[in-house]
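Remarks on the overall topology
So the chains spell out like this:
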Amino acid sequence: MIRDTMKWATMGLLATMAAFSACATTTPITLDGETADWAGVPGEISDPVGDASGSDDYTRMQVTDDGERLFVRFQVSNETLLQRGINDAPGNDFEFLIDGDGNANTGLAIEGIGAELKIRFGDMAGTYYRTNGSSVSLPNLNTAKLLIGPSHSATDFEFSIPYSVPSSSVGALNLVNGPTVKVVASHDSGHDRMPNSGALEYTLSGKVPTPPQVVTLERESIQDIRIYSQNVERSSFLDNPAPFLRMMNATDPDIVCLQEQYTGTDDEVLAIIKNGLGWAEGYAAKVEDCAVISRWPILNYSRIFSHNNIVAHVDLPDERSAVDLVVFTVHSPCCDNESGRDSEHDAIAATWRNLMNGVGPFTIDPADAVVMTGDFNMVGYARQLHNLRDGDIIDSSTWGPDFSPGRAEGSLKVAPMTHTHTRTSHTWTNPNGSFLPGRLDWVLYSSDAMTLRKNYTMDLEEFSSAELTF
């Protein structure tokens, strides 16, 4: 799924591309909200569970760097939404103090260190302290180029900051100078502190930054089944199709999934994509703002209960696949609408369970592959991802029993969707807003019926001028 920074858009929408057929690898540390790549990072500290007077209870922290960014991983005892305040359950009052030069005589004298940066996640704000003793409030944490993961609720988080921001709305920010960095996790409200005294001290690696291996856009194999997904933001595709078609042509998809294309009929959307991509044939299914456009026949499709999400049954060519493909294109409710996301995701999960069991809305082969893709708006509870991935129905009285969406594999697999040019995986960004870049869009697939060969998220801001000539 790609949602992102198109040069002309203030709130960028990233496009994501998935081709199914061997697995991609990632390079540590990838800022994606998954923390397996932290295994073996030395120097971690722990904090006793339950030693906080409030609900915000730190339990563990690690720090590392890659030569140009400082990375912090921290764990807490209670499920938390990092970008919600203490009064917005399950919000937080987490605060991090970063002494970027390890010198107690520079920055803000606090908690025994000299902090150059104070990060307050609860109100999505921060303060930068200059070496001359002056300070400046950051308009938002985007000013410091801070990245976090995951965007949904968790007990295990990671964030990173660059060593410096040469230019920002408040001037240059020299955040990390080393050679030693000191980090303290605390609270404005005085609840918990980690460590209980002192600070986690970390010596910068001194390594020369190693650029990530750029993921190329082309197919691994002509037999790949390529799926392109994009939230086109307020029907922008029909309003101005040319830039979207440039990205589609660069990725050469077989199936296109769109969200937020409220205007136009399925035939109108199909005509633009079919002609723009040079397909000999094309087929379309559209429900409100969600559409599935395929170069192969769509056997059936349906709205997901009363919601605007769509499920389509695509007839894959026999020479490419022994099974056909069920495609869910998802556009979940935004922001703090937890009950809305609960309901829509339960409806999607129940539809897939029913299809596998031969219970409408149309008939499939129980062995058919499935892909769920789109803008999940995953800024709420993790359960809204788990009910789709794991078949854990939230409201079983309405939507029926739990099940195994991956059949013998149990759960569906999650495509990493790392950026083509950076070790990040956010699919939404608004540099001028208070919310940080987030992984709102997801791709889930059935690993018993298909193999993931190549997948990526494109952020056009990361491409060179030469690369943008595609």
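The structure we're discussing is the one just above.
Per chain, residue numbering runs from 1 following the sequence as it is written. Note on the predicted model: pLDDT of at least 70 is required for a residue's local features to be given, and 80 or more for side-chain atom pairs to be given and counted; whole-chain, interface and lining totals, by contrast, use all residues. Calculation of side-chain values draws on the structure's entire complement of heavy atoms; hydrogens and water are dropped beforehand.

Examining the state of the cysteines
Test applied: Two cysteine sulfur atoms make up a disulfide if the distance between them is within 2.5 Å. Between buried and exposed lies partly exposed: a residue is buried under 20% and exposed over 50% of the maximum accessible area for its type, with that area taken using a 1.4 Å probe on protein chains only.
In this structure the tally under the stated criterion is one disulfide. Here Cys334 pairs with Cys335 through a disulfide, and the sulfurs are 2.3 Å apart. Residues Cys334 and Cys335 share a disulfide whose torsion about the S-S bond is about 55°; that sign makes it right-handed. The exposure class assigned to Cys334 is partly exposed, which follows from its relative accessible area of 39%. For the unlinked cysteine Cys290, the closest cysteine sulfur is that of Cys257, found at 9.2 Å.

Overview of the environment of Asn308
Operational definition: Each helix corresponds to a stretch of at least 4 residues labelled H or I by DSSP, and each strand to a stretch of at least 2 residues labelled E; elements are numbered beginning at the N terminus. The contact definition used throughout considers only heavy atoms, calling two residues in contact when any of these lie within 4.5 Å. N or O atoms closer than or at 3.5 Å make up a polar contact, with two conditions inside protein: a donor-capable atom paired with an acceptor-capable one, and, for residues adjacent in sequence, both atoms drawn from side chains.
Here Asn308 is to be found in the loop between strand 22 (298–303) and strand 23 (310–314). For Asn308, a relative accessible area of 12% corresponds to the buried category. Sequence-wise, Asn308 and Arg130 are 178 residues apart; in three dimensions their C-alpha atoms are separated by 50 Å. The contacts of Asn308, once residues within four sequence positions are left out, are Val287, Glu288, Asp289, Cys290, Arg303, His331 and Glu344. Among the polar contacts made by the side chain of Asn308, one reaches the side chain of Asp289 at a distance of 2.3 Å.

Thoughts on empty space enclosed by the protein
Where we set the bar: A 1.4 Å probe that fits into a set of points on a 1 Å grid over the protein atoms alone but cannot get out defines a cavity; an open set with protein on both sides within 12 Å along at least five of seven lines defines a pocket, and lining residues are those with an atom within 4 Å of a point. Grid points are joined across faces, edges and corners, and a volume is the space filled by probe spheres set on the points. Only Asp, Glu, Lys and Arg are considered charged, only Ala, Val, Leu, Ile, Met, Phe, Trp, Tyr, Cys and Pro nonpolar, and every remaining residue, Gly among them, polar.
What the largest cavity holds in volume is close to 90 Å³. Together, 15 residues line the largest cavity, and Asp32, Ile148, Gly149, Ser425 and Arg439 are the ones closest to its centre. Here the residues of the lining of the largest cavity sort into six nonpolar, seven polar and two charged.

Considerations on the layout of surface pockets
Roughly 730 Å³ of internal volume is contained in the largest pocket. Lining of the largest pocket is provided by 27 residues; of these, Arg69, Leu147, Thr422, Thr424 and Glu462 occupy positions nearest its centre.

With respect to the side chain of Glu158
The condition that has to hold: Positive charge is attributed to Lys and Arg, negative charge to Asp and Glu, and no charge count is given to His or to the chain ends. When a carboxyl oxygen of Asp or Glu is within 4 Å of a side-chain nitrogen of Lys or Arg, the pair counts as a salt bridge.
Here Glu158 lies in strand 13 (residues 154–162). Buried within the structure, Glu158 lacks any salt-bridge partner; Arg73 is the closest side chain of opposite charge, at an N-O distance of 6.8 Å. A distance of 3.0 Å separates a polar atom in the side chain of Glu158 from the backbone nitrogen of Asp32.

Some points on the sheet that holds strand 5 (residues 69–80)
Using the following cut-off: The criterion for strand pairing is that DSSP finds at least two bridges linking the strands in question.
Strand order in the open sheet made by the five strands is 3-4-5-13-12, with antiparallel pairing throughout. Since the sheet does not close on itself, it has two edges, and those belong to strand 3 (45–46) and strand 12 (147–149), each with one partner. With eight bridges joining them, strand 5 and strand 13 adopt antiparallel strand pairing. Each residue of the ladder has a partner; that of Arg69, found in strand 13, is Pro162.

With respect to the pattern of salt bridges
Pairing is possible between side chains that carry opposite charge, provided their charged atoms lie close to one another. Applying the stated criterion across every chain yields a total of 17 salt bridges. In this structure, Asp254 and Arg320 form a salt bridge, with 3.6 Å as the shortest nitrogen-oxygen distance. Of this pair, Asp254 sits in the loop between helix 2 (241–251) and strand 19 (255–259) while Arg320 is found in the loop between strand 23 and strand 24 (325–331), placing the two residues 66 residues apart along the sequence. Relative accessible area serves as the criterion here: at 27%, Arg320 is assigned to the partly exposed category.

These figures capture arrangement, not role.
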